[in-house]
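# Descriptive analysis of the structure
Okay, here's what each chain looks like letter by letter:
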Amino acid sequence: MTQQTQQTHEPESGSVLPAAPTMTAATTRDAATSTAPAPHAPPFPPLADPRPLGELRVWPRTFHDRLTAPLPGLKAMARFAREGSVRPGREGLADIPRLPYEPGPLPRVGTDTVAVTWAGHASWVVRIGGLTVLTDPVWSRRILGTPARTTPVGVAWETLPRVDAVVISHNHYDHLDAPTLRRLPRDTPVFVPAGLGRWFRRRRFTTVTELDWWEAAELSGTRFDFVPAHHWSRRGLADTCHSLWGGWVLTAPDGRRVYFAGDTGYGHWFSRIGRRYPGIDLALLPIGAYDPRWWLSDVHCDPEEAVRAAQDLGAQRMAPMHWGTFILSAEPVLEPLTRVRAAWASAGLDRVNLWDLPVGGSKILERTALQSAVD
């Protein structure tokens, strides 16, 4: 039986949080080779206790107070109408055939394996704690208001194992795709931002867990924490910011962590997330849909900002996403990849820790000697 509760968001305290440790070439190399790394600082503030799965809650009508930048006004809209562009020019589109697309079989995993497979855009198949988790699943060829995919989906739907859970970052059409979600059994657990539960319940999903920022739930020993992002939400003409937006930190029973940023601009939240969730092993970060900057900088990271975000998080590895799938802005289609590689090298970070996967590519997160010893 579900429980009705009042929304209880507690904002960060007024004190300044210590910054997460910054990655350097030396620290990432040492982290990869050390058999007994130094223990991480405890989270601050302490992590919230997990909330019940499927809990019914009452939320505010809007979340405008969570915006970290104003939404575009009439002047910005007029400027965009005059000079804005949502597609690259002919030269920028010429590299579409060169977009990396290498679908392969999903890795064989056990209950102690952490693995990720990029299906395209912000859709990942995350294997963690014995679970198969989909992030922002979009298997459709086309979404509302954009051209069709430039690359096919990297994972055929029929090859997926049973999906144990779905996490949704926010309700924009390129992250919340109704035709894809209709393919799932209605008893699939879904984890969604505050205010978005009714969308799923209307579609007869039976285990819908809505969370506020810094809240968590747990499924089969794996923890799902919802964390802030620099973004916004809207799905129709009259529902701007009526549901929340954010990212997810997935923590396996053995402590390994995968951070899925969803859709976000660059800002202060990354260092706070890194402080509260120390020891992020892999950060899935967006690098595309950033041009023109005057229009998109508040809500989408560019490649250099994504690398900076990975450092703010204290993440050991970064996997780029949110590029090479749908054309949502004006940068040349291959530019996000070339720029993120250059930014990673410029920051002096170990190349092996940049998981710049092709669409359909997979990586397995190897266990450290310390984790094996603890087990």
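The structure we're discussing is the one just above.
Everything in this summary refers to the structure shown in the same document. (Residues numbered from 1 in each chain as written. Predicted model: local features only at pLDDT ≥ 70, side-chain atom pairs only at ≥ 80, totals over all residues. Heavy atoms only, no water.)

## Here's the deal with the packing of helix H6 (residues 269-276) against helix H8 (residues 303-313)
- Between H6 and H8, whose axes approach to 7 Å, the crossing angle comes to 30°. In terms of axis orientation, H6 runs roughly parallel to H8. In terms of crossing hand, the pair formed by H6 and H8 is right-handed. Contact residues: H6 offers Phe-270, Ser-271, Ile-273 and Gly-274, while H8 offers Ala-309, Asp-312 and Leu-313. (Axes fitted to C-alpha atoms, helices over the stretch in contact; angles between N-to-C directions. Helix = DSSP H or I, 4+ residues; strand = E, 2+ residues; numbered from the N terminus. Parallel < 35°, antiparallel > 145°, perpendicular 65-115°, else oblique. Left-handed = near helix turned anticlockwise from the far one by under 90°. Contact = heavy atoms within 4.5 Å.)

## Observations concerning the environment of Arg-257
- Note that Arg-257 resides in strand S12 (residues 257-260).
- According to the relative accessible area criterion, Arg-257 is buried, its value standing at 11%.
- Residues in contact with Arg-257, not counting those within four places in the same chain, are Leu-47, Val-249, Leu-250, Thr-251, Tyr-277, Pro-278, Gly-279, Ile-280, Asp-281 and Leu-282.
- A polar side-chain atom of Arg-257 sits 3.0 Å from a polar atom in the side chain of Thr-251. (Buried < 20%, exposed > 50% of the residue type's maximum accessible area, 1.4 Å probe, protein only. Polar contact = N/O pair within 3.5 Å; in protein donor to acceptor, adjacent residues only side chain to side chain.)

## Side note on the pattern of salt bridges
- Scanning all chains against the criterion turns up 17 salt bridges.
- Between Asp-212 and Arg-66 there is a salt bridge; the shortest N-O distance is 2.9 Å. Taken together, the residues span a long stretch of sequence, with Asp-212 in the loop between strand S8 (208-211) and strand S9 (215-219) and Arg-66 in the loop between strand S2 (56-58) and helix H2 (74-83) at a distance of 146 residues.
- Judged by relative accessible area, which is 7%, Arg-66 ranks as buried.
- A network of salt bridges, in which partner residues are shared, links Arg-293, Asp-302, Glu-304, Glu-305, Glu-335 and Arg-339. (Salt bridge = Lys/Arg side-chain N within 4 Å of Asp/Glu carboxyl O.)

## A few points about the pairing of S9
- Counting buried positions along S9 yields 4 of 5 residues, so the element is predominantly enclosed.
- Summarising the sheet, S9 and strand S10 (residues 222-227) pair through 5 bridges and their orientation is antiparallel. Looking at the pairing, Glu-215 lines up with Phe-226 of S10.
- In textbook terms, the turn of a hairpin is the stretch between consecutive antiparallel strands, and for S9 and S10 this stretch comprises 2 residues, one of which, Ser-220, has a positive phi near 50°. (Pairing = 2+ DSSP bridges.)

## Digging into the packing of H8 against helix H9 (residues 335-346)
- Relative orientation of the contacting elements H8 and H9 amounts to 45°, with a least axis distance of 8 Å. Taken together, the axes of H8 and H9 lie oblique to each other. H8 and H9 meet at a crossing whose hand is right-handed. Residues Pro-303, Glu-304, Val-307 and Ala-310 of H8 pack against Pro-336, Arg-339, Val-340, Ala-343 and Trp-344 of H9.
- By residue class, the composition of the contact of H8 with H9 is 7 nonpolar, no polar and 2 charged. (Nonpolar A, V, L, I, M, F, W, Y, C, P; charged D, E, K, R; others polar.)

## Focus: H6
- Taken across its 8 residues, H6 has 6 buried, putting it largely inside the fold.
- Three or more residues of H6 are buried, namely Trp-269, Phe-270, Ile-273, Gly-274, Arg-275 and Arg-276.
- Contact partners of the buried residues in H6: S10, strand S11 (247-251), S12, strand S13 (282-286) and H8.

## Concerning the sheet that holds strand S3 (residues 114-120)
- Ordered by their spatial adjacency, 7 strands build an open sheet running S8-S7-S6-S5-S4-S3-S15, and the pairing between neighbours is mixed. Here the strands that pair on one side only, and so sit at the sheet edges, are S8 and strand S15 (362-365). On average, adjacent strands in this sheet sit at an angle of 20° to one another, irrespective of strand direction.
- Relative to strand S6 (residues 165-167), strand S5 (residues 131-135) runs parallel, the two sharing 3 bridges. The partner of Thr-135 across the bridge, within S6, is Val-167.

## Topic: the sheet that holds S11
- Taken in spatial order, the 6 strands line up as S9-S10-S11-S12-S13-S14 in an open sheet, and their pairing is mixed. Whereas interior strands pair on both sides, the edge strands pair on one side only; in this sheet they are S9 and strand S14 (317-321). Across this sheet, the average inter-strand angle for adjacent strands is 20°, counted without regard to direction.
- Pairing of S12 with S13 involves 3 bridges; the strand directions are parallel.

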